[in-house]
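Results of the structural survey
This is what each chain is made of:
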Amino acid sequence: MHDVKLSDGVVALSPLRLDDVDAHLAGDDELLVRWLSGEPATRAGTEAYFRHCIEQWATCGPLRAFGIRTRSTLAGYIDLRSDVAGLAPGQVNISYALYPAWRGQGLVTRAVRLICQYAAAEGATQGVIRVDPENSPSAAVARRSGFTHAKQLLEADGNRTDWYLLSLPDEVEPPIT
């Protein structure tokens, strides 16, 4: 497992671990189901996905999944993917979610800024945040993080997404301290 830890003094990002499963299951709610997973999380499914995330770190795969932590408590997660359909070379997709108790505190905006710095250091040239047009809180995070709306696409699954883009590393603001 890679020993990657990113922090701005308030939020820390580190790879998801199997001991994060219980916190994830406790934080799963109707908004995570609606915007991300499509169905409630199960222990078996979450453990399998977290094992996949750990394997991606070990094999330098196209996924980098981080837990968003505050005072060592898992508050949500954020990931980078370089293998999303429609991405150009150098682009990375950024997805994020916070558990209910942690929403509305600016933690995801901090996490996005941190992961953009990580992505730039790993060679990415542009961050992409894809958002369902009805998910206004997620779009607000993209805008607060410096991303600009570039286009709306009909994805292969039939869903529309708004694409927000940010050039890396030049436009990444330093972490908030």
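Just above, that's the structure.
This report concerns the structure included in the present document.

How each quantity is defined
Residues numbered from 1 in each chain as written. Predicted model: local features only at pLDDT ≥ 70, side-chain atom pairs only at ≥ 80, totals over all residues. Heavy atoms only, no water. Helix = DSSP H or I, 4+ residues; strand = E, 2+ residues; numbered from the N terminus. Rg over C-alpha atoms; globule rule 2.2 N^0.38 Å. Buried < 20%, exposed > 50% of the residue type's maximum accessible area, 1.4 Å probe, protein only. Contact = heavy atoms within 4.5 Å. Areas by Shrake-Rupley, 256 points an atom, 1.4 Å probe, with all protein chains shown as cover. Lys, Arg positive; Asp, Glu negative; His and termini not counted. Charge placed at Lys NZ, Arg CZ, Asp CG, Glu CD. Pairing = 2+ DSSP bridges. Axes fitted to C-alpha atoms, helices over the stretch in contact; angles between N-to-C directions. Salt bridge = Lys/Arg side-chain N within 4 Å of Asp/Glu carboxyl O. Core = buried A, V, L, I, M, F, W, Y, C linked by side-chain atoms within 4.5 Å.

1. Structural notes on the overall build of the protein
- Scanning the protein from terminus to terminus reveals five helices and eight strands.
- Listed by position from the N terminus, the elements making up the protein come as β-β-α-α-α-β-β-β-α-β-α-β-β.
- Relative to its length of 177 residues, the protein is compact, with a C-alpha radius of gyration of 15 Å against a globular reference of 16 Å.
- Along the first, second and third principal axes, the C-alpha atoms of the protein reach 35 × 35 × 35 Å.
- Across the 177 residues in the protein, those meeting the buried criterion constitute 47%.
- Taking the contacts inside the protein whose residues are at least 6 apart along the sequence as the reference set, 61% of them involve residues at least 24 apart.
- Accessible surface, the protein: about 8900 Å² in total, of which carbon and sulfur atoms supply 51%.
- Within the protein, the 22 negative side-chain charges are centred at a point lying 3 Å from the centre of the 17 positive side-chain charges.

2. Side note on the sheet that holds strand E4 (residues 73–81)
- Pairing is mixed across the open sheet formed by eight strands, whose spatial order is E1-E2-E3-E4-E5-E6-E8-E7. Two strands in the sheet have a free side with no partner beyond their single neighbour: strand E1 (6–7) and strand E7 (148–154).
- Bridge count for E4 against strand E5 (residues 91–98) is six bridges, and the pairing is antiparallel. Bridge pairing links arginine 81 to asparagine 93 in E5.
- The strands touched by helix H3 (residues 43–59) are strand E2 (12–15), strand E3 (63–70) and E4; relative to E3, the strand with the most contacts, the crossing angle is about 115 degrees.

3. Overview of the environment of proline 40
- Within the secondary structure, proline 40 is located in the loop between helix H2 (30–37) and H3.
- Residue proline 40 is classed as exposed on the basis of its relative accessible area, which comes to 58%.
- Proline 40 sits 15 residues away from leucine 25 along the chain, and the two C-alpha atoms are 8.9 Å apart.

4. Considerations on unusual backbone geometry
- A positive phi angle is found at arginine 71, which is not glycine, with a value near 50 degrees.
- Residues other than glycine seldom take positive phi values, yet serine 72 does so here, at roughly 65 degrees.
- Tracing the sequence through the fold places serine 72 in the loop between E3 and E4.
- A relative accessible area of 66% means that serine 72 is categorised as exposed.

5. What to know about the pattern of salt bridges
- Taken as a whole and judged by the stated rule, the model has seven salt bridges.
- Notably, a salt bridge pairs aspartate 8 with arginine 110, separated by 2.9 Å at the nearest N-O pair. In this pair, aspartate 8 sits in the loop between E1 and E2 while arginine 110 sits in helix H4 (residues 107–121), placing the two residues 102 residues apart along the sequence.
- Residue classification places aspartate 8 among the buried residues on the basis of a relative accessible area of 6%.
- Where arginine 43 meets aspartate 22, a salt bridge forms, and the shortest distance between an N and an O atom there is 2.3 Å. Note that arginine 43 is positioned in helix H3 and aspartate 22 in helix H1 (residues 21–27), a separation of 21 residues in sequence.
- Assessed through its relative accessible area of 41%, arginine 43 is described here as partly exposed.
- Residues joined by salt bridges that share partners form a network here, namely Arg17, Asp19, Asp20 and Arg69.

6. Quick notes on the nonpolar core
- With 46 residues, the main nonpolar core has Leu13 and Ile78 as its most contacted residues.
- Looking at this core, the elements with two or more residues in it are H3, E3, E4, E5, H4, strand E6 (126–131), helix H5 (136–144) and strand E8 (160–167).
- Ranked by residues supplied to this core, first place goes to H4 with 10 residues.
- Those residues in contact with isoleucine 78 that lie beyond four places of it in its chain are Leu13, Arg64, Ala65, Phe66, Ile68, Ile94, Ser95, Tyr96, Ala111, Val112 and Ile115.

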